[in-house]
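Chain by chain, the residues run as shown.
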Amino acid sequence: MSYRVVIFDLFDTLADFVRERLPLIHINGEAIRSTSAVIYPIFAARHGHISLETFYQAFRKSFDEAARLREVEEREVSARERFHLFFQMLQVPLTPDSESFLASLLDVHMACIADAVHAPPEHRELLEWLRPRYRLALISNFDHGPTARKVLDRAGITSSFELILISEEIGQRKPHAAIFEVACQALRITPAEAIFIGDSPSIDIAGAKGVGMGAIWLDRKGDRLDEAIPPPDHIVKRLEEIKGIL
Ligand SMILES: [Mg+2]
């Protein structure tokens, strides 16, 4: 099969989230990497009666609740919506003033997340190699569009892509067919004309194969494939190996 378009996943495919780069905070005697280290002091300046422990517990719980909603409602839950859940759990009333406070906390949280992302320069070189050969696009599941776009800009790869879809901006996330269909429509191609490359079997491979796209699984850790998921067309251990396939 010859493909016309190569579509990439972003996180853990083109760029890595490095948890060790998050600031360290001690909660209940335990050292934890979390953006709470930077957002709690800002929060506590206003709501000093809420302890770090209570804050962090709600922070984690809102994360889990957002993940649950994504699963059951098959849609993206934005970081803003997650922070709303977080404030509700802390019983902070949502007034126009606290809304803008929430937005400023979210900005600090996201700046911290963006700083923890590492994009290997070899990936930019790979995209440069691919560009004269294929049309390139990207579909990312991420709860904050501007941050995903900032990661791409910092990696110097934004202009490599003809199309960039971030789930938060669409409201749908992989593996749902809708986000792949939006991409095909925008690119004016049929799914069979594209091949998708991503690290997650249940998100990237199931999603791409589900709409009839080709799929390459980036399996860095030598994981086992779940039999319920349609097998990818190719498996690579390093992203650069796709040069030998495409
Ligand atoms: Mg990924």
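Cut-offs applied
- Residues numbered from 1 in each chain as written.
- Predicted model: local features only at pLDDT ≥ 70, side-chain atom pairs only at ≥ 80, totals over all residues.
- Heavy atoms only, no water.
- Pairing = 2+ DSSP bridges.
- Helix = DSSP H or I, 4+ residues; strand = E, 2+ residues; numbered from the N terminus.
- Axes fitted to C-alpha atoms, helices over the stretch in contact; angles between N-to-C directions.
- Contact = heavy atoms within 4.5 Å.
- Salt bridge = Lys/Arg side-chain N within 4 Å of Asp/Glu carboxyl O.
- Buried < 20%, exposed > 50% of the residue type's maximum accessible area, 1.4 Å probe, protein only.
- Parallel < 35°, antiparallel > 145°, perpendicular 65-115°, else oblique.
- Left-handed = near helix turned anticlockwise from the far one by under 90°.
- Nonpolar A, V, L, I, M, F, W, Y, C, P; charged D, E, K, R; others polar.
- Donors = N, O, S within 2.8 Å, 3.2 Å for Na, K, Ca; no water.
- Domains from an automatic or database assignment.
- Buried area = accessible area lost by both parts, 1.4 Å probe.

In this section: the sheet that holds strand E6 (residues 135-140). Spatially, the six strands line up as an open sheet ordered E7-E6-E1-E8-E9-E10, and their pairing is parallel. The strands lining the two open edges of the sheet, one partner per strand, are strand E7 (163-166) and strand E10 (234-236). Going from strand to strand, the sheet's axes swing by 20 degrees on average, the running direction of each strand aside. The pairing of strand E9 (residues 214-218) with E10 spans three bridges and is parallel. Across the sheet, residue Trp217 finds its bridge partner in E10, namely Ile235. Across the sheet, helix H6 (residues 145-154) touches E6 and E7, and the angle it forms with E7 is around 140 degrees. In this fold helix H9 (residues 201-211) packs onto strand E8 (194-198) and E9, with an angle of close to 165 degrees to the strand it touches most, E9.

Moving on, we come to the pattern of salt bridges. Side chains that differ in sign of charge can pair as their charged atoms come close. A complete count under the given rule lists 19 salt bridges for this structure. Here Glu73 ties to Arg75 by a salt bridge, and the two come within 2.6 Å at their closest N and O atoms. A residue is classified by how much of its surface remains accessible, and Glu73, at 41% relative accessible area, is partly exposed. By relative accessible area, Arg75 is classed as partly exposed at 22%. Put simply, Arg124 and Glu128 hold a salt bridge, and the shortest N to O gap is 3.8 Å.

Further remarks concern the packing of helix H2 (residues 52-73) against helix H3 (residues 79-89). The geometry of H2 relative to H3 is characterised by a closest axis approach of 8 Å and an angle of 135 degrees between their N-to-C directions. Taken together, the axes of H2 and H3 are oblique relative to one another. For the element pair H2 and H3, the recorded crossing hand is right-handed. Here Phe55, Ala58, Phe59, Lys61, Ser62, Phe63, Glu65, Ala66 and Leu69 of H2 come into contact with H3, specifically with Glu81, Arg82, Phe83, Leu85, Phe86 and Met89. Taken together, the residues of the contact of H2 with H3 sort by class into 10 nonpolar, one polar and four charged.

For the rest of this paragraph, the subject is the packing of helix H1 (residues 36-44) against helix H4 (residues 96-115). H4 packs onto H1 with a crossing angle of 160 degrees between their chain directions and a minimal axis gap of 9 Å. Judged by the inter-axis angle, H1 sits roughly antiparallel to H4. Between H1 and H4 lies a crossing of right-handed hand. Listed contacts from H4 to Val38, Ile39, Ile42 and Phe43 of H1 are Phe101, Leu105, Val108, His109 and Cys112. Per-class residue counts for the contact of H1 with H4 are eight nonpolar, one polar and no charged.

It is worth spelling out the coordination of the magnesium ion at this point. Protein ligation of the magnesium ion involves Asp9 (OD), Phe11 (O) and Asp199 (OD), the donor distances falling in the range 2.2 Å. Positions of the donor residues of the magnesium ion, expressed as sequence spacing, correspond to D-x1-F-x187-D. Of this pair, Phe11 sits in the loop between strand E1 (5-8) and strand E2 (16-17) while Asp199 sits in the loop between E8 and H9, and the two are 188 residues apart along the sequence.

Put simply, an interface is often sized by how much accessible area is lost when its parts join up. Here the protein is described as being made up of domain 1 (5-16 + 118-244) and domain 2 (19-115). Between the C-alpha centres of domain 1 and domain 2 there is a distance of 28 Å. Every contact between the two is made by 14 residues of domain 1 and, on the other side, 14 residues of domain 2. Of the roughly 1,100 Å² buried where domain 1 meets domain 2, counting both sides, 56% is carbon and sulfur surface. Contact with domain 2 buries area across many residues of domain 1, yet Asp143, His144 and Arg173 alone supply 40% of it, more than any other trio. Here domain 1 and domain 2 share three salt bridges between them. When the shortest N-O distance is used, the salt bridge between Arg154 and Asp115 registers 3.0 Å. Of all the secondary structure elements, the ones that give two or more residues to the side of domain 1 that touches domain 2 are H6 and helix H7 (167-170). Ranked by residue count, the leading element in the side of domain 1 that touches domain 2 is H6, at three residues. Residues of the side of domain 1 that touches domain 2, tallied by class, amount to one nonpolar, eight polar and five charged.

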